[in-house]
Amino acid sequence: MKKQKLYIFGQQREQNWLNAETAVELLEEARERAAVAAHPDIECILDVLDDVSRAWADPDYHLRRQAEKILPELTSFSAQMIEQGFNAISAICRRENLEKRLKGEFGNLSVLDAGQERPHLDYRLHALPRGVLLHLTAGNVFVGAVDSLISGIITKNVNILKMSRVDTVFPGLFIESIKEHDPAGIIWPNQAAVLWKGGDEAIETPLLNAPLTVIFWGGHDALLSVKARIGASTKLIENGPRYSLAVVEGSRIKKEISPYLVQGLAKDLSLWDQQACSSPHVVYVVGATAQTHALMEALYDEMVSLSEELPVGSLSFDEKVEIRKVREIARMMQARGEGRLMCPEEFSFSLILEEDPVFKVSCLNRTLFFKTVKTCEQLIEQVRPLSAYLQTVGLYCTPETAQQLGESFFELGAKRITEIGGMSEGHDGAPHDGTFLLRQLVEWVGTEYRATPESRVEHLLSQIYAAPYYRGILDKAGGCGFEHFMRLPLLDRATFYKHSPPASSDILTGPMIDAYVYASGGTTGEPKFTLYSNDEYRLSTDLLAEIFKNAGISREDRVANLFIAGNLWTSFNVSGRALENIGCLQLPIGGGSDIENILKYIDCSMLMPWSACRRSSSTLPKKLQSVNFR
Amino acid sequence: MAEAKPFERCGQLFDINRAFAHSRENDRLFDQAMNEALRWHAARCPDYRAFLEVCGLTDFTRDYAPEEIPPLLVTIFKEFRLASVPESQVKIELTSSGTGGRKSAIILDHRSYRRIMKILNNIFDSLGMVNHQQKVNYLCFTYDPKVAGNVGTAFSDKGLTGLTGKRSVYYAIKWKESIGDFEFDLDSTVKKLIAFGKRPEPVRILGFPAYLWQVCNRLEEAGITLDLGKDSYIITGGGWKMHKDQEVSKDFFKDRVERVLGMPRENLRDLFGMVEHGIPYVDCEAGRLHVPIYARALTVDPETFKPVGDGKEGLLYLMTPYLSSYPSISLLTTDRAIIEGNCPCGRPGKTFRIVGRAGLNKHKGCAMTALDLLK
């Protein structure tokens, strides 16, 4: 085997550098770097990775071109599949996707930096990096190793990535690409990509017994081996082995089979040459055998054309033998009238229909079994014996059946229910293998205050102490301790507004940036101003969004915001922001618009379905109530 | 053993006693015999005929080159019971030793049984290993056939112990009532071999090499060396199976056997055989597995079925026309092998080396394998 380069915290080393002694050195250096890696703001990290994303999206990027040359031979994926991999890497590093991932798991990015107040829970929450992560990566999909590394980076950990023997190049190139876009050195000096022969106890023993977190990706034997040797102070995060399957409701297979289904299934079967644990091994058709045949025929045509666009990678001798075995058994089954084999002569894909409904593990490389079951109950029974290993179930069913099957598969132990076509592409921020990975890469720590009035008051007082007005009265009273609280003067309206903008800013607990100015009604005279920091504003709009969601507004809705805008009033803005959080389509019509216009906008918009963000019933024009809300 | 229609050519082929007498004429005879066998099975085994038709072979009136006959994968015999004779004609049913969990069930009719016994004798005779006048003590590292019944290795032992006169036969893997399973009795076996060593008759040791290795270990630990002599033979077969971790090279094995058992190293012969195929491929003095005239061996690319050529690793693909009871006349194995010619022993024809099992036990990543599910 050609000697590969190791990347040790910014320095390149020869492969034989790593031994029992240097493994200990590696650990010591990693621990030293942990404090440095934890320091940068998450925004800075995302900025760097977003630049890295743009670089990998560019077909002319020199490291991409370098990888293009090496990876097809190394990983045996086709050049087209490697391209898909680069696109996937670029998508993973894109800022918006990373934010989704972080928000999906942490709710709020600030937990990684200054922390987040949990006002109703009486503590401030921090997500601190665990320190040092050891990624034991698998060789099935080269994107996976880098994805694992990125998870460690965005949680501010120091990463030691053990490269798979299948891909000893790409992690190093990726770290180089970070270096190119990270002149301040906030990320790349804290990454290591190393290589050793799995099972080398001289190297593994110190690593697996150190106080670090091991993220394992791989198969059964390797996992057992790691588990048997992991130290008491070492945290192990297990990923694998798993299998996945697809389910198609026969009644949805008409004469013309939906391209959505067929293209989706072809994609799930072909992506990463079925090597991912989320790739389907079997398609169950709930219905009649004729429907299974029809689906198989439609998929055959689609696979023929997809095999040209996205060819299967080069197969090893042993992989070919496995496919040959499966095909020959299938051929005999077909001869006996017990099944069907549809495949081109070359091993670009194999579709096999079997009468026996028992779940069957595929030899992969685009080998898919088709099985027919009469009912959903029968399907569940076929899968039950192997349910401990079930990961993804791709569904193409009516919503009613999808709901029923989704519940049943979750009961069985499935970790993901997706649509067919989405099996091999996990959603950012969604859980993986029954858990949230990023959440496991941090220590959740909290600064708690007792939920007593005393404690809450002290916490609040220490927060408002920044305001000159409050500092003055708090100092005079003796400080922020609860025992001084009763000495504080009562705040009346006149005093509040006297110290508030525009007259004064003494009462402000923070600078007048990153904030909103609002005013009270104005119906009773002069407007009175109040400032919300964006943090406070976000908190209130987050809560409002939850209220809206509970009331039934979802991302798919189109919502007309009929609160009255302007006048420094909060309602239109906070509603708009809450709706933004939900992610729905908004019509910011505003309650101040002419009623005829409101109705016209609604009638003309042609946007369905409709719901409304209603004004209080007392002010909702009678005529508007006649609009047919759906 | 001349045979009547439809097996005239088969009869002629099996009547040739010199198992390695490869010639154009004998090759042609082999081709014709294969076509007799093809027509026989196609007419009598509906599943096989349907399989051939699925593969595009539908005209049974014309002759085919043996390589044109679609092979059946060996695993098919683990999944399906294929027969070309009625049950009433079955003389013996054999099972494979079941490496990896699943066993093949193979039936032999009287004709096939008679033929394979003749073939076996011809092969060993051509290697100078048949002497019916000689009394031999046999140590078999296989199941006692009185209990094991139809296990293929026991059948094979029966054939091999028939190559000479027998003074005694000792089966080392015995049924143990207390555990309800077979068990290798190392102590008794070592004692028995020491006793054989003191006798004037030569010894033949048959069976799994891992057990003989353990016997050698025990003898060396006790500081005992035997002198089994130049007429003694070891015929190993079946591979190292669950003792894979102990596997050693053939040369290393021979060195040890020569040293501990006191017999010529060239008398250690490995035998490659499969219950689904039956033909024994036996090491010559030079340690190569020879292909007899009753069979043909190819190594092919598993995707294209194209021969990979001599000297290159391919999937072993074996042909023989002797079987009339089940249609394993053209068999695709799951073994990696290399075909070679020009054996230094001077015998004509091809030899092959088994490189190992073909196929994967595990995938590259986190996807599930069938074996994982068995764990």
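Just so it is clear, the model here is predicted, and its values are computed rather than measured.

## Some thoughts on the sheet that holds strand S17 (residues 442-448) of chain A
Residue and element names in this part refer to chain A.
Okay, step 1: Pairing within the open sheet is antiparallel, and its 3 strands lie in the order S3-S4-S17. Each edge of the open sheet carries a strand with a single partner, namely strand S3 (116-118) and S17. The sheet shows a mean angle of 30° between the axes of neighbouring strands, taken without regard to direction.
Okay, step 2: Summarising the sheet, S3 and strand S4 (residues 123-129) pair through 3 bridges and their orientation is antiparallel. The residue bridging Arg118 from the neighbouring strand is Tyr123, located in S4.

## Concerning the interface of chain A and chain B
Okay, step 1: Listed as interface residues are 40 residues of chain A and, on the opposing side, 30 residues of chain B.
Okay, step 2: Put simply, the parts of the chain that give the side of chain A that touches chain B at least two residues each are helix H9 (220-229) and helix H12 (317-335) of chain A.
Okay, step 3: When residues of the side of chain A that touches chain B are assigned to their parent elements, the largest contribution, 14 residues, is made by H12(A).
Okay, step 4: Considered class by class, the residues forming the side of chain A that touches chain B number 18 nonpolar, 10 polar and 12 charged.

## Some thoughts on the sheet that holds strand S1 (residues 5-8) of chain A
Two orientations exist for strands paired in a sheet by backbone hydrogen bonds: parallel and antiparallel.
Residues and elements named next belong to chain A.
Okay, step 1: Strand order in the open sheet formed by 7 strands is S2-S1-S7-S6-S5-S8-S9, with mixed pairing between adjacent strands. Edge positions in the open sheet fall to strand S2 (11-14) and strand S9 (235-239), since each of these has one partner strand only. Strand after strand, the sheet turns through a mean of 20° between neighbouring axes, direction not considered.
Okay, step 2: For strand S5 (residues 132-136) and strand S8 (residues 213-217), the ladder comprises 4 bridges, and the chain directions are parallel. Of the residues in S8, the one forming a bridge with Leu133 is Thr213.
Okay, step 3: Across the sheet, helix H7 (residues 170-180) lies against S1, strand S6 (158-162) and strand S7 (191-194), angled at about 160° from S7, the strand it touches most.

## As for the domain arrangement of chain A
Okay, step 1: By domain assignment, chain A separates into domain 1 (5-239), domain 2 (243-428) and domain 3 (536-626).
Okay, step 2: Taking only C-alpha atoms into account, the centre of domain 1 of chain A sits 43 Å from that of domain 3 of chain A.

## Concerning the environment of A:Thr367
Residue and element names in this part refer to chain A.
Okay, step 1: Inspection of the secondary structure puts Thr367 in strand S14 (residues 367-373).
Okay, step 2: Accessibility expressed as a C-beta count within 10 Å gives 22 for Thr367, which makes it buried.
Okay, step 3: In this structure the C-alpha to C-alpha distance between Thr367 and Gln274, which are 93 residues apart in sequence, comes to 8.0 Å.
Okay, step 4: Apart from the residues within four sequence positions on either side, Thr367 is in contact with Ile323, Val326, Ser350 and Ser362.

## Points about the nonpolar core
Residue and element names in this part refer to chain A.
Okay, step 1: One finds Ile45, Val214, Val247, Val248, Leu265, Val283 and Tyr284 to be the most contacted residues of the largest nonpolar core, which totals 236 residues.
Okay, step 2: Other than its neighbours up to four places away in sequence, Val248 contacts Ile253, Leu261, Val283, Val285, Leu295 and Tyr396.
Okay, step 3: Of all hydrophobic cores here, the second largest spans 12 residues; its members include Phe548, Val559, Phe563 and Val574.

Procedures and definitions
Residues numbered from 1 in each chain as written. Chains lettered and ligands numbered in written order. Predicted model: local features only at pLDDT ≥ 70, side-chain atom pairs only at ≥ 80, totals over all residues. Pairing = 2+ DSSP bridges. Helix = DSSP H or I, 4+ residues; strand = E, 2+ residues; numbered from the N terminus. Axes fitted to C-alpha atoms, helices over the stretch in contact; angles between N-to-C directions. Contact = placed C-beta atoms within 7 Å. Nonpolar A, V, L, I, M, F, W, Y, C, P; charged D, E, K, R; others polar. Domains from an automatic or database assignment. Buried ≥ 20, exposed ≤ 12 C-beta atoms within 10 Å, placed from the backbone. Core = buried A, V, L, I, M, F, W, Y, C linked by C-beta atoms within 7 Å.

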